[in-house]
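If you want the building blocks of each chain, they are given just below.
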Amino acid sequence: MFNSRLDPNQRENALHALETQNFDVLVIGGGVTGVGTALDAASRGLRVALVEVNDIASGTSSRSSKLIHGGLRYLEQYDFKLVREALQEREALVTVLAPHLVKPVAFLYPLHEKIKDRTYVGAGLALYDVLRGFNRALPWHKHISQKSIAAIAPSLRPDIVTGAIKYFDAQVDDARHTMMVARTAARHGAVIATRVRCESLIFEGKKVIGVVATDTVSGKKINIAAAVTIMCAGVWSDELHAKFGLKAGYEVRMSKGVHIVLPKSAINSQSGIILKTPTSVLFVIPWNNEWIVGTTDTEYTGDRNEPLALREDVEYILNQANRVLKPKLSEAEIIGVYAGLRPLVSRKADSSTSKLSREHTVDRPAPGFVSIAGGKYTTYRIMATDAVDIASKELKRAVPNSVTDKLPIVGADGYLALMQQIPALQSESGLSAATIEHLLNRYGSLISEILELIASDVSLATSLHPSFPYIKAEILYAVTHEGAQSVDDVISRRTRLTFEAPENAETLVLQIADIIAPALGWNKNEKQLSIDEYMAIVHREREAVASLFEDKSAVNS
Ligand SMILES: Cc1cc2nc3c(=O)[nH]c(=O)nc-3n(C[C@H](O)[C@H](O)[C@H](O)COP(=O)(O)OP(=O)(O)OC[C@H]3O[C@@H](n4cnc5c(N)ncnc54)[C@H](O)[C@@H]3O)c2cc1C
């Protein structure tokens, strides 16, 4: 009945629908909470629209550690309910909801003091496993001797690491998953419009009956009518509450988290690594042909739209990782850096951000208006359900319960079988087994749509660049099916080349723009503008880190 395709035509239709239809639910914000909320509401049979000011997942939801986890650190805060709930979500995502996107990942927890550490950490990880329960897709934790570490993770310093415990969590390409949830919402009838900014609320008496929004591409104002509006604006929540003249029952504090990206060759380990730091934990996370290492946790009050990594952030990460790694990581090895802002629901003005709970808060500051913030990526589905449950009370009719715990996201259907049919897919498409596997782990059963593009133009089967697994069809597909509308959308979120490729993939920018330009109907000038827009972002990011590196070399010389 409905289609999951997001493309320029669909956007035009969505803009028309926003102006002409009456919605049950309007969602503000296209991060994982917003798209999850749109999916939850649409799959309950409600008429739903979602507006996102920029691109899907352009806020925090593309800048996380990309872990689907219970959060080991919350065990130390005795927050067992939070951990159990998140572990349940992890299980559902890995097995039913998104097995094509959410994958198990192993971590080593290095031990230093032989008996004390092994007892304490071992008990913690046993509890972590037990909180998940016995019906589980991920293996149980395992004790590793110092001798075995030399084989599993030669990069861990043998002089200070006396053993380790290996445990499992899961990981996801956050921006890709968020976009796929948005597509699933569209498949269930949600009207999704990106590059539409919510400006103000429309009131009837004290009740919110819709919003005034701007199509940021044409500048056109749009009045959207909705029985209830749900704001899922993450770190923009306070700003929007104030702009809308609403007094919310919570505040959102921002905590900046930075990650650095290094080539696989920088660390010799078959597993990820988790390290306890003085304030939190540091993850060394395997990622395709790279490692993602982070994160930091510092109070932030700057520009929400462009959190930038600074040298002190990068130095902190290197210093913490280098406590246990041999050879030490160096600045010169870093391929990419990214920063994101955690939306932390603030309950006490004087509490430090690293002690704040990741639990979410749903509020109803006005009739017809619900807002939700906090939580973490892993629990987006629960947040969405809570928000829609509360919003449903505004609709003067019975609303069915959420079904998203049983609703696979697009591409999940048939994925496990297709993984066993790689040879058949190979002979049908002429692609290598490695490319088929890469595609299945990004699109699941939607691989058929990529293969259709290749069938109509065989040149799309070729690699974008020999160093990366992406083929040209994926770049085109990003704009014909995944709602990308700019070079930045494709390089930063549909692919992750912005941090996977050296120099933010600068050498691939023109090639990518050439592939997407015809599908977006761009002339030469529009293509150049999109390239310039991406390069301007990259230059600001480089300046924030690089100029500081330059400073340092001046001091050292
Ligand atoms: C460094 C870091 C590491 C993390 N690691 C993990 C992890 O490993 N695992 C985990 O579970 N969680 C993790 N998190 C937390 C997780 O990423 C966030 O909780 C989650 O992504 C928040 O999603 P959101 O949708 O609430 O916010 P966002 O993704 O920020 O979405 C809000 C959206 O609202 C839009 N918006 C704002 N104003 C308007 C407007 N006027 N009109 C329309 N749209 C608007 C924004 O553009 C934005 O896209 C991490 C967070 C950070 C910062």
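Preceding block: the structure.
Treat the numbers as computed from the prediction; the structure is a model and nothing was measured.

This part covers the overall build of the protein chain. The secondary structure content of the protein chain amounts to 19 helices and 18 strands. Dimensions along the principal axes, computed over C-alpha positions, put the protein chain at roughly 70 × 55 × 55 Å. In the protein chain, which comprises 557 residues, the share counted as buried stands at 61%. Restricting the contact set of the protein chain to residue pairs at least 6 apart, pairs at least 24 apart contribute 72%. Of the accessible surface of the protein chain, which amounts to about 22,600 Å², a share of 54% is contributed by carbon and sulfur atoms. Counting 62 positive and 63 negative side-chain charges, the protein chain places the centres of these two groups 5 Å from one another.

Take the site of the ligand next. The environment of the ligand is formed by 37 residues, the closest being Thr33, Glu52, Ser61, Leu67 and Thr378. One nitrogen or oxygen atom from the main chain of Leu67 is found 2.7 Å from a nitrogen atom belonging to the ligand. His69 is positioned with one of its side-chain polar atoms (N or O) 3.4 Å from a nitrogen atom of the ligand. When the ligand is considered free in solution it has 1,000 Å² of accessible area, and contact with the protein chains removes 96% of it. Listing elements by their share of the shell around the ligand, those giving two or more residues are α2 (32–42), β2 (48–52), β8 (196–204), β11 (251–263) and β16 (336–346). A class-by-class count of the residues in the shell around the ligand yields 13 nonpolar, 18 polar and six charged. Both domains that meet at the shell around the ligand, namely domain 1 (8–61 + 175–250 + 355–406) and domain 2 (103–170 + 253–352), each give it at least three residues.

Turning to its location among the elements, Leu395 is positioned in the loop between α10 (380–392) and α11 (415–419). Residue Leu395 is classed as buried on the basis of its relative accessible area of 6%. Residues within four places of Leu395 in sequence aside, it is in contact with Asp24, Leu46, Ala227 and Val228.

Turning to the nonpolar core, a few remarks are in order. Counting residues in hydrophobic clusters, the biggest one holds 98 residues, and the most contacted among them are Val48, Val102, Ile230, Val487 and Leu497. Beyond its immediate chain neighbours, meaning those up to four positions away, Val48 contacts Phe23, Val25, Val27, Ala38, Ala41, Ala42, Gly189, Ala190 and Val191. Among the nonpolar cores identified, the runner-up in size contains 30 residues, and Ile144, Val314, Ile317 and Ala321 belong to it.

So, about the pairing of β16. Most of β16 sits out of view: ten of its eleven residues are buried. Strand direction decides the pairing type here: β11 and β16, joined by eleven bridges, are antiparallel. Looking at the pairing, Glu251 lines up with Ser346 of β16.

A complete count under the given rule lists ten aromatic pairs for this structure. Put simply, the rings of Phe107, Tyr128, Tyr167 and Phe283 pair up and form one aromatic cluster. Just above the ring of Trp140 sits the side chain of Arg136; from NZ or CZ to the centre is 4.3 Å. The positively charged end of Lys264 is found above the aromatic ring belonging to Trp291, 4.8 Å away from the centroid.

Moving on to the side chain of Arg90. When you line up the elements, Arg90 lands in helix α4 (residues 80–97). Overall, Arg90 belongs to the buried group, its relative accessible area being 1%. In this structure Arg90 touches Ile68, Tyr128, Arg132, Arg136, Leu138, Phe168, Asp169 and Ala170, once residues within four positions along its chain are discounted.

This part is about the packing of α2 against helix α7 (residues 174–187). Running from amino to carboxyl end, α2 crosses α7 at an angle of 25°, the nearest separation of the two axes being 8 Å. As the angle between them shows, α2 and α7 are arranged roughly parallel. Relative to α7, α2 is oriented so that their crossing is left-handed. Contacts between α2 and α7 involve Val32, Val35, Gly36, Ala38, Leu39 and Ala42 from the first element and His177, Thr178, Val181, Ala182, Thr184 and Ala185 from the second.

Burial analysis of helix α16 (residues 487–494) places eight of its eight residues in the buried class, the great majority of the element. Listed as buried for α16 are Val487, Asp488, Asp489, Val490, Ile491, Ser492, Arg493 and Arg494.

Okay, the packing of α4 against helix α5 (residues 114–132) next. One can describe the packing of α4 onto α5 by two numbers: an axis separation of 8 Å at closest approach and a directional angle of 60°. Of the possible angle classes, the one that applies to α4 and α5 is oblique. Crossing handedness for the pair α4 and α5: right-handed. Residue-level contacts link Phe80, Val83, Arg84, Leu87, Gln88, Arg90 and Glu91 of α4 to Leu127, Tyr128, Leu131 and Arg132 of α5. Its residues assigned to classes, the contact of α4 with α5 shows six nonpolar, one polar and four charged.

So, how was this worked out
Residues numbered from 1 in each chain as written. Predicted model: local features only at pLDDT ≥ 70, side-chain atom pairs only at ≥ 80, totals over all residues. Heavy atoms only, no water. Helix = DSSP H or I, 4+ residues; strand = E, 2+ residues; numbered from the N terminus. Buried < 20%, exposed > 50% of the residue type's maximum accessible area, 1.4 Å probe, protein only. Contact = heavy atoms within 4.5 Å. Areas by Shrake-Rupley, 256 points an atom, 1.4 Å probe, with all protein chains shown as cover. Lys, Arg positive; Asp, Glu negative; His and termini not counted. Charge placed at Lys NZ, Arg CZ, Asp CG, Glu CD. Near = heavy atom within 4 Å. Polar contact = N/O pair within 3.5 Å; in protein donor to acceptor, adjacent residues only side chain to side chain. Nonpolar A, V, L, I, M, F, W, Y, C, P; charged D, E, K, R; others polar. Domains from an automatic or database assignment. Core = buried A, V, L, I, M, F, W, Y, C linked by side-chain atoms within 4.5 Å. Pairing = 2+ DSSP bridges. Phe/Tyr/Trp six-rings, centres within 6.5 Å; stacked < 30°, edge-to-face > 60°. Lys NZ or Arg CZ within 6 Å of the ring centre and 35° of its normal. Axes fitted to C-alpha atoms, helices over the stretch in contact; angles between N-to-C directions. Parallel < 35°, antiparallel > 145°, perpendicular 65-115°, else oblique. Left-handed = near helix turned anticlockwise from the far one by under 90°.

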